[in-house]
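Examining the three-dimensional arrangement
Letter by letter, the chains look like this.
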Amino acid sequence: MTAPGFAGRTAGDHAADPAGTGVYLYGVARGLDPAALRDASGVAGAPVRGVVAAGLTALVSTVRLDEYGEAALRANLEDLQWLEATARAHHDVVDRAAHAAPTAPVRIATIYRDDARVAEVLTDEGGRFTEVLDLIDGRSEWGVKAYADPELLRGDTGRDGPDPGGGLAPGAEPLTGPGQDAEDTEGAAPAGPGAAYLRRRQQERRRRADAGRRVGEQADAVHAELADHAVASRHHPPQDPRLSGRAGTQILNVAYLLDEEQVEGFLAVARAADQRLAGIEVEVTGPWPPYSFIEPGAA
């Protein structure tokens, strides 16, 4: 829910009375029935209303700047509990509108001076909003994350035979070296514990590198399969483990934009990948409003 939204501006970009109120913008809809916002509440429990201009409807609430002003936001956005509550309320408003009409979310904590300034933005940037709304109309976002077990990334196969990639199991090379006869080493200083230790470290590094490469190739293959069942996709950086709560390493974090008729096939591909890939868990979430596809050119 904290994925970037349509490029709005935060409180610091708008002059406002620091002791007063501002207007919090959730998103912009096209063809929205005003009744869809009846009794809706948003951040801090504030009522939600529509500001209409240029054939578009901005979803807004009035908020106090002692909580949503520039200085307050600097502190609040570092407060995970506050951020979670605000993001959830933001999402709930967007989700409600998106069930009634095409809706482009904006970034969390986008604050404007007043309704007149919001209407001015709708008029000035109407073409950009229209481009985005055309892209997302009738479509939904699905998120896919994949996690690899730590053992898999270390190259630990749990057995002494060939590893899953088909190579030989790690082992010490003969002291004579490949293609070298024992006679060639007569008179050479015997290898001590230090040399054996270095060989083991080199082998471990190679094993980890090979395992990481294989896991990366598997993640790329999963993404390619899923992208074939989507209108567009957008890669996101790996999620903070504190938020995911997963012990495994996140190897895929991608949002996909789907037409309704693509959903069944998309989910089938994700389930098959999850069952097929040992040591890799594939997680799918959605449907969401298209948070990741509301920048022009996002496709």
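Computed from a predicted model, the values in this text were never measured in an experiment.

What counts, and where the lines are drawn
Residues numbered from 1 in each chain as written. Predicted model: local features only at pLDDT ≥ 70, side-chain atom pairs only at ≥ 80, totals over all residues. Heavy atoms only, no water. Helix = DSSP H or I, 4+ residues; strand = E, 2+ residues; numbered from the N terminus. Buried < 20%, exposed > 50% of the residue type's maximum accessible area, 1.4 Å probe, protein only. Contact = heavy atoms within 4.5 Å. Areas by Shrake-Rupley, 256 points an atom, 1.4 Å probe, with all protein chains shown as cover. Phe/Tyr/Trp six-rings, centres within 6.5 Å; stacked < 30°, edge-to-face > 60°. Pairing = 2+ DSSP bridges. Axes fitted to C-alpha atoms, helices over the stretch in contact; angles between N-to-C directions. Expected span 1.5 Å × (residues − 1). pLDDT = per-residue confidence, 0-100. Polar contact = N/O pair within 3.5 Å; in protein donor to acceptor, adjacent residues only side chain to side chain. Salt bridge = Lys/Arg side-chain N within 4 Å of Asp/Glu carboxyl O.

1. Some remarks on the overall build of the protein chain
Counting its secondary structure elements, the protein chain contains nine helices and eight strands. Here the protein chain, with 299 residues, has 39% of them falling under the buried criterion. Within the protein chain, residue pairs in contact and separated by at least 24 positions form 80% of the contacts whose partners lie at least 6 positions apart. Of the roughly 16000 Å² of accessible surface on the protein chain, a fraction of 50% belongs to carbon and sulfur atoms.

2. Topic: the packing of aromatic side chains
One pass over the full model with this rule turns up four aromatic pairs. With centroids separated by 4.8 Å and ring planes inclined at 45°, the aromatic side chains of Tyr24 and Tyr26 adopt a geometry described as tilted. Residues Tyr24 and Tyr26 agree in their burial class; the two are buried. Seen in terms of ring centroids, Tyr24 and Tyr68 are 5.8 Å apart; in terms of plane orientation they differ by 85°. Their pairing is edge-to-face. Here the residue Tyr24 occupies a position in strand E1 (residues 21-30), and Tyr68 occupies one in helix H1 (residues 65-68), the gap between them amounting to 44 residues. Ring-pair connections join several aromatic residues into one group, and the members of that group are Tyr24, Tyr26, Tyr68 and Trp82.

3. As for the sheet that holds strand E4 (residues 103-112)
If you trace the four strands from one edge of the open sheet to the other, you get E2-E3-E1-E4, paired in antiparallel fashion. Each edge of the open sheet is held by one strand with a lone partner, namely strand E2 (49-53) and E4. Across this sheet, the average inter-strand angle for adjacent strands is 25°, counted without regard to direction. Here E1 runs beside E4; their pairing, made up of six bridges, is antiparallel. The residue bridging Leu25 from the neighbouring strand is Thr110, located in E4. Strand contacts of helix H3 (residues 80-98): E1, strand E3 (56-64) and E4, with the helix running at about 140° to E4, the strand carrying the most contacts. Against the sheet, helix H4 (residues 115-124) touches E1, E2, E3 and E4, its axis set at about 50° to E2.

4. Notes on H3
If you check H3, its first and last C-alpha atoms are 26 Å apart, about what 19 residues at 1.5 Å a residue would give, namely 27 Å. Of all the positions in H3, only Trp82, Leu83, Thr86, Ala87, Ala89, His90, His91, Val93, Val94 and Ala97 are classed as buried. Considering only its buried residues, H3 is in contact with E1, E3, H1, helix H2 (70-76), E4 and strand E8 (280-288).

5. Concerning the confidence of the model for the protein chain
Detailed reading of the predicted coordinates is not advisable wherever pLDDT falls low. Here the protein chain averages 80 in pLDDT, and 77% of its residues register 70 or above. This model gives residues 1-16 a pLDDT under 50, and the stretch forms 55 contacts once residues within four places in sequence are excluded. Across residues 158-187, where pLDDT falls below 50, the model places 20 contacts with residues more than four positions away in sequence or in other chains.

6. Re the pairing of E1
Of all the 10 residues making up E1, eight are buried; the element is thus mostly covered by neighbouring parts of the structure. As paired elements, E1 and E3 share nine bridges and run antiparallel to each other. The residue of E3 that forms the bridge with Thr21 is Arg64.

7. Structural notes on the environment of Arg139
In this fold, Arg139 is placed in strand E5 (residues 139-148). The exposure class of Arg139 is partly exposed, given its relative accessible area of 26%. It is 7.7 Å that separates the C-alpha atoms of Arg139 and Pro290, two residues lying 151 residues apart in sequence. Arg139 has contacts with Val231, Leu257, Leu258 and Asp259, leaving out every residue within four places of it along the chain. In terms of polar contacts, Arg139 uses its side chain to reach the side chain of Asp259, at 2.6 Å.

8. Quick look at the pattern of salt bridges
The full count for this structure, using the stated rule, is 10 salt bridges. Residue Arg117 pairs with Glu120 through a salt bridge whose shortest N-O separation is 3.3 Å. Here Arg117 and its partner Glu120 are both found in helix H4, three residues apart, which amounts to about one turn of the helix. Here Glu125 and Arg128 are joined by a salt bridge, their closest N and O atoms 2.9 Å apart. Classification of Arg128 by relative accessible area gives partly exposed; the value is 33%.

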